[in-house]
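A look at the structure
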Amino acid sequence: MAIYFGSEATDNLNAYEEGTWTPGLDGTSYGGNSYGYTNRVGNYVRVGRHVTVSFYLTWNNYNGSGTANFTGLPFSVWNNNNIQHAGPVMTLNLNYPSNVVNVVTHNWIGVNYFRLYGSYSGGGWDGIQVDGNAGIIGTLSYFAA
């Protein structure tokens, strides 16, 4: 199926796809991870290179360390140093540092995962670590490779 925005052949958008994906959790370093997923669902829509994913992921007994990587994106992120993506999420039982005022998803370039970052009041940002029982619900848009 192609969508035409004008009369020229270069004005068409010939890629549209809907589907499901399976989000996962992976730490940047390990301490004997043992966890189980209690909910693990996602869907996506791809129009051209623009991908929008939605996800619901909960887990228990996670004991990894380092920043959490949320894995399994249906398409790798475009590998362009000028393009990064961030978006809001809703979380359950995640323990943020006390001065974090905002938590967002963040895609780095050329990867197939995203991370959670917390922004500090009057300061920078850091990756959020996860431990124990927690969950995340969100929607993220990015450009595929």
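Please refer to the structure placed before this passage.
The structure presented is a predicted model; accordingly, all values stated were derived computationally and were not measured.

**Description of the side chain of Arg46**
Within the secondary structure layout, Arg46 lies in strand β5 (residues 36-47). No salt bridge is formed by the buried Arg46, whose closest oppositely charged neighbour, Glu17, lies at an N-O distance of 5.6 Å. Looking at Arg46, its side chain comes within polar contact range of the main-chain oxygen of Gly48, at 2.7 Å. For Arg46, the residues in contact, after removing those within four places along its chain, are Ala15, Tyr16, Glu17, Val51, Phe75, Ala144 and Ala145.

**Considerations on the pairing of strand β9 (residues 100-107)**
If a strand is regular, its side chains alternate between the two faces of the sheet. Burial analysis of β9 places six of its eight residues in the buried class, the great majority of the element. As paired strands, strand β8 (residues 85-92) and β9 are joined by four bridges and run antiparallel to one another. Paired with Ala86 across the bridge in β9 is His106. With antiparallel pairing between neighbouring strands as the criterion, β9 and strand β10 (residues 113-120) make up a hairpin whose turn holds five residues, including Gly110 at a positive phi of roughly 70°.

**Some thoughts on the environment of Asn43**
Note that Asn43 resides in strand β5. Take Asn43: its relative accessible area is 44%, and that puts it in the partly exposed class. Spatially, the C-alpha atom of Asn43 lies 9.5 Å from that of Tyr56, the residues being 13 residues apart in sequence. Other than its neighbours up to four places away in sequence, Asn43 contacts Gly19, Thr20, Trp21, Thr52, Val53 and Ser54.

**Points about a nonpolar patch on the surface**
A cluster of nonpolar side chains, Val41, Tyr56, Met90 and Ile137, forms an exposed patch at the surface whose accessible area comes to about 350 Å². For Tyr56, the location among the structural elements is in strand β6 (residues 50-62). Relative accessible area serves as the criterion here: at 32%, Tyr56 is assigned to the partly exposed category.

**As for the environment of Tyr96**
Position of Tyr96 relative to the elements: it lies in the loop between β8 and β9. Residues in contact with Tyr96, not counting those within four places in the same chain, are Thr91, Val103 and Ile128.

**Side note on the side chain of Thr58**
Looking at the element boundaries, Thr58 is found in strand β6. A polar atom in the side chain of Thr58 sits 2.4 Å from the side chain of Thr38. A distance of 2.9 Å separates a polar atom in the side chain of Thr58 from a polar atom in the side chain of Asn39. Residues in contact with Thr58, not counting those within four places in the same chain, are Gly36, Tyr37, Thr38, Asn39, Ala134 and Gly135.

Here is what the cut-offs are and how they apply
Residues numbered from 1 in each chain as written. Predicted model: local features only at pLDDT ≥ 70, side-chain atom pairs only at ≥ 80, totals over all residues. Heavy atoms only, no water. Helix = DSSP H or I, 4+ residues; strand = E, 2+ residues; numbered from the N terminus. Buried < 20%, exposed > 50% of the residue type's maximum accessible area, 1.4 Å probe, protein only. Lys, Arg positive; Asp, Glu negative; His and termini not counted. Salt bridge = Lys/Arg side-chain N within 4 Å of Asp/Glu carboxyl O. Polar contact = N/O pair within 3.5 Å; in protein donor to acceptor, adjacent residues only side chain to side chain. Contact = heavy atoms within 4.5 Å. Pairing = 2+ DSSP bridges. Patch = residues over 30% accessible without salt bridge, like charges linked within 9 Å, V, L, I, M, F, W, Y side chains within 5 Å. Areas by Shrake-Rupley, 256 points an atom, 1.4 Å probe, with all protein chains shown as cover.

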